[in-house]
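The residues making up each chain are set out below.
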Amino acid sequence: MRALKIFALTVLVLVLAQVNAFAAMPDISAGEQYYDIFNDVFVLRNNVHVAMDNHGFKGKISADEARVSMKKQCCWADGKVKLEQNDITFSCDRAYIVWATKTASVTGKVKFASKSAVEINADTAVFNWDTKIVDFYGKIKLKTDKNVKLADGVKIDGKNYQHVQYNVVEKKILALDKKFDAPEIVIPAQ
């Protein structure tokens with residue numbers, strides 16, 4: 001059972017770390033770890049921390065709680081969710097990660113910061129780790145640095161937007177919309 005837990009958590013870390021290669025075993029800690037047989041999920045509670053070094057790709061993930069379903073190939077994270085990787089810090093209240101679609105949907109006090117590029121605060125966001133593009137929605141506050149790049153035709157006009165699309169690898173703003181019909185981001189029940 002312990003080996004299965006470690007395997008599930010390793011898959012979770014690989015998904016959150018945006019890489020496809022196999023890696024060294026992550027360092028995982030939590031106040032409580034168990035398998036919930038009734039809901040078919042692995043549960044990590046109370047001060048969840050995951051640190052990894054995946055062939056030089058180093059990162060840290062923390063949350064109050066995380067639940068992983070290998071059958072559904074998804075993960076829920078709740079409470080002070082935070083990912084730190086190199087010069088990027090990404091935090092929110094809740095996250096839902098789906099392996100099949102290679103997406104992470106996040107809600108509540110979304111904060112993204114890339115040193116020497118941008119700081120973005122939003123209500124919700126969807127990140128696709130295959131394309132490395134994140135779409136921020138809702139009441140957005142944008143702060144840019146001189147090193148941020150802009151896609152052709154994109155101009156910064158103030159600091160408040162309803163939609164911002166950003167490529168995290170290229171440090172490039174792809175879209176800025178003052179008015180936008182944002183999709184409703186709903187994190188499904190387990």
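Residues numbered from 1 in each chain as written. Predicted model: local features only at pLDDT ≥ 70, side-chain atom pairs only at ≥ 80, totals over all residues. Heavy atoms only, no water.

Visitor: Quick rundown of the overall build of the protein? Include the residues and the values.
Guide: The helix and strand inventory of the protein stands at one helix and 12 strands. Each helix (α) and strand (β) of the protein, taken in turn from the N terminus, gives the series α-β-β-β-β-β-β-β-β-β-β-β-β. Out of the 190 residues belonging to the protein, those deemed buried represent 45%. (Helix = DSSP H or I, 4+ residues; strand = E, 2+ residues; numbered from the N terminus. Buried < 20%, exposed > 50% of the residue type's maximum accessible area, 1.4 Å probe, protein only.)

Visitor: Break down the pattern of salt bridges for me, citing the residues and quoting the values.
Guide: Here the structure, examined in full by the defined rule, presents seven salt bridges. Here Glu65 ties to Arg67 by a salt bridge, and the two come within 3.0 Å at their closest N and O atoms. A single network of salt bridges, built from pairs that share partners, joins Arg45, Glu65, Arg67, Asp78 and Arg94. (Salt bridge = Lys/Arg side-chain N within 4 Å of Asp/Glu carboxyl O.)

Visitor: Quick one: what's the story with the packing of aromatic side chains, residue by residue and with numbers?
Guide: Counted under the stated rule, the structure contains six aromatic pairs. Geometrically, the ring pair formed by Phe90 and Phe112 is edge-to-face, given 5.9 Å between the ring centres and 70° between the ring planes. Here the residue Phe90 occupies a position in strand 6 (residues 88-98), and Phe112 occupies one in strand 7 (residues 103-114), the gap between them amounting to 22 residues. Looking at Phe90, the relative accessible area reads 14%, which means it is buried. (Phe/Tyr/Trp six-rings, centres within 6.5 Å; stacked < 30°, edge-to-face > 60°.)

Visitor: A description of the pairing of strand 12 (residues 172-177) should follow, citing residues and the corresponding values.
Guide: Where strand 10 (residues 149-150) and strand 12 come together, two bridges link them in parallel fashion. Considered in strand 12, the bridge of Leu150 is made with Ile173. Of the pairings in the sheet, the one linking strand 11 (residues 160-167) to strand 12 comprises five bridges and is antiparallel in character. Looking at strand 12, one finds that Gln165 is bridged to Ala175. Hairpin connection of strand 11 to strand 12: four residues between the antiparallel strands, including Lys171 at a positive phi of 55°. (Pairing = 2+ DSSP bridges.)

Visitor: Outline a positive patch on the surface, supporting the account with residue identities and numerical values.
Guide: There is a patch of like positive charges on the surface, built from Lys139, Lys141, Lys143 and Lys159. Structurally, the position occupied by Lys141 is in strand 9 (residues 133-144). (Patch = residues over 30% accessible without salt bridge, like charges linked within 9 Å, V, L, I, M, F, W, Y side chains within 5 Å. Areas by Shrake-Rupley, 256 points an atom, 1.4 Å probe, with all protein chains shown as cover. Lys, Arg positive; Asp, Glu negative; His and termini not counted. Charge placed at Lys NZ, Arg CZ, Asp CG, Glu CD.)

Visitor: Give a detailed account of the state of the cysteines, specifying residues and quantitative values.
Guide: Per the stated rule, a full pass over the model turns up zero disulfides. Lacking any disulfide linkage, Cys75 is separated from the closest cysteine sulfur, that of Cys74, by 7.7 Å. Judged by relative accessible area, Cys75 falls into the buried class, the value being 1%. (Disulfide = S-S within 2.5 Å.)

Visitor: Before we move on, could you go through the nonpolar core and cite the residues and values that matter?
Guide: Counting 51 residues, the largest nonpolar core has Val110, Phe112, Val118, Ile120, Phe136, Tyr166 and Ile173 as the members making the most contacts within it. Residue contacts for Val110: discarding those within four places in its chain leaves Phe90, Ser91, Cys92, Ile120, Asn121, Ala122, Asp123, Thr124, Ala125 and Phe136. (Core = buried A, V, L, I, M, F, W, Y, C linked by side-chain atoms within 4.5 Å. Contact = heavy atoms within 4.5 Å.)

Visitor: Which residues make up the pairing of strand 11, and what values do they have?
Guide: One ladder, built from seven bridges, connects strand 9 with strand 11; its direction is antiparallel. The residue bridging Ile133 from the neighbouring strand is Asn167, located in strand 11.

Visitor: So, the environment of Ala182: which residues are in play, and what are the values?
Guide: Counting through the fold element by element, Ala182 comes out in the segment after strand 12. Judged by relative accessible area, Ala182 falls into the partly exposed class, the value being 37%. For the pair formed by Ala182 and Ala125, sequence separation is 57 residues and the distance between their alpha carbons is 10.0 Å.

Visitor: Can you break down the side chain of Ser105 residue by residue, with the values?
Guide: Considering the arrangement of structural elements, one finds Ser105 in strand 7. Excluding residues within four positions of it along the chain, Ser105 makes contact with Arg94, Ala95, Tyr96, Ala125, Val126, Ile185 and Ile187.

Visitor: Can you explain unusual backbone geometry? Please cite residues and give values.
Guide: Leaving glycine out, the prevailing phi sign among residues is negative, and the prevailing peptide bond configuration is trans. Phi at Lys102 takes a positive value of approximately 55°, unusual for a residue other than glycine. By relative accessible area, which is 29% here, Lys102 ends up partly exposed. In the Ramachandran plot, Lys132 falls in the positive-phi region, its phi being about 65° despite a non-glycine side chain. Among the secondary structure elements, Lys132 is positioned in the loop between strand 8 (118-128) and strand 9. On the basis of relative accessibility, which here comes to 21%, the residue Lys132 falls in the partly exposed class.

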